Amino acid sequence: MPRPALVLALLFALTPGCSSDIDACEVVCTKNAECQTDSPGKDTCVALCLDLSDRASYATAIERTAECYEEEDRSCADLAGGVCDYSPED
């Protein structure tokens, strides 16, 4: 069963147009595809992430999530345990 935080991470997005924004979506979606066997896949995740980019709260959440995923090269077990759970604030 997928961890809700990992599924929620699919929905977080950054404003497109800046390469660092796209990078954050790439980081989160790569890890989600790695950790969730039933994920829609990295490309679908990235597209969804960028499509939802109009909300600033998602931009903050996905940025924080990407930073957390990269911190100490988090394992799937770490993420399933909720170590990088961030939610949009609106």
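These numbers were taken from a predicted model, which means no experiment stands behind them. (Residues numbered from 1 in each chain as written. Predicted model: local features only at pLDDT ≥ 70, side-chain atom pairs only at ≥ 80, totals over all residues. Heavy atoms only, no water.)

All right, on to the state of the cysteines then. Overall, the coordinates contain 4 disulfides when judged by the stated rule. The side chain of Cys 25 participates in a disulfide bridge whose partner is Cys 49; the two sulfur atoms lie 2.0 Å from each other. When the S-S torsion is -70°, as for the bridge of Cys 25 with Cys 49, the disulfide is left-handed. With a gap of 24 residues between them, Cys 25 in helix H2 (residues 19-35) and Cys 49 in helix H3 (residues 42-51) connect regions that are remote in the sequence. (Disulfide = S-S within 2.5 Å. Helix = DSSP H or I, 4+ residues; strand = E, 2+ residues; numbered from the N terminus.)

Looking now at the confidence of the model for the protein chain. Summary statistics for the protein chain give a mean pLDDT of 75 and a share of 71% for residues scoring 70 or more. When pLDDT is averaged over each element of the protein chain, helix H5 (residues 76-80) comes out on top at 89 and helix H1 (residues 4-11) at the bottom at 45. (pLDDT = per-residue confidence, 0-100.)

This part covers a negative patch on the surface. A contiguous patch of negative charge on the surface is contributed by Asp 23, Glu 63, Glu 67 and Glu 70. Ranked by residues supplied to the negative patch, first place goes to helix H4 (residues 56-70) with 3 residues. Mapped onto the secondary structure, Glu 63 falls in helix H4. (Patch = residues over 30% accessible without salt bridge, like charges linked within 9 Å, V, L, I, M, F, W, Y side chains within 5 Å. Areas by Shrake-Rupley, 256 points an atom, 1.4 Å probe, with all protein chains shown as cover. Salt bridge = Lys/Arg side-chain N within 4 Å of Asp/Glu carboxyl O. Lys, Arg positive; Asp, Glu negative; His and termini not counted. Charge placed at Lys NZ, Arg CZ, Asp CG, Glu CD.)

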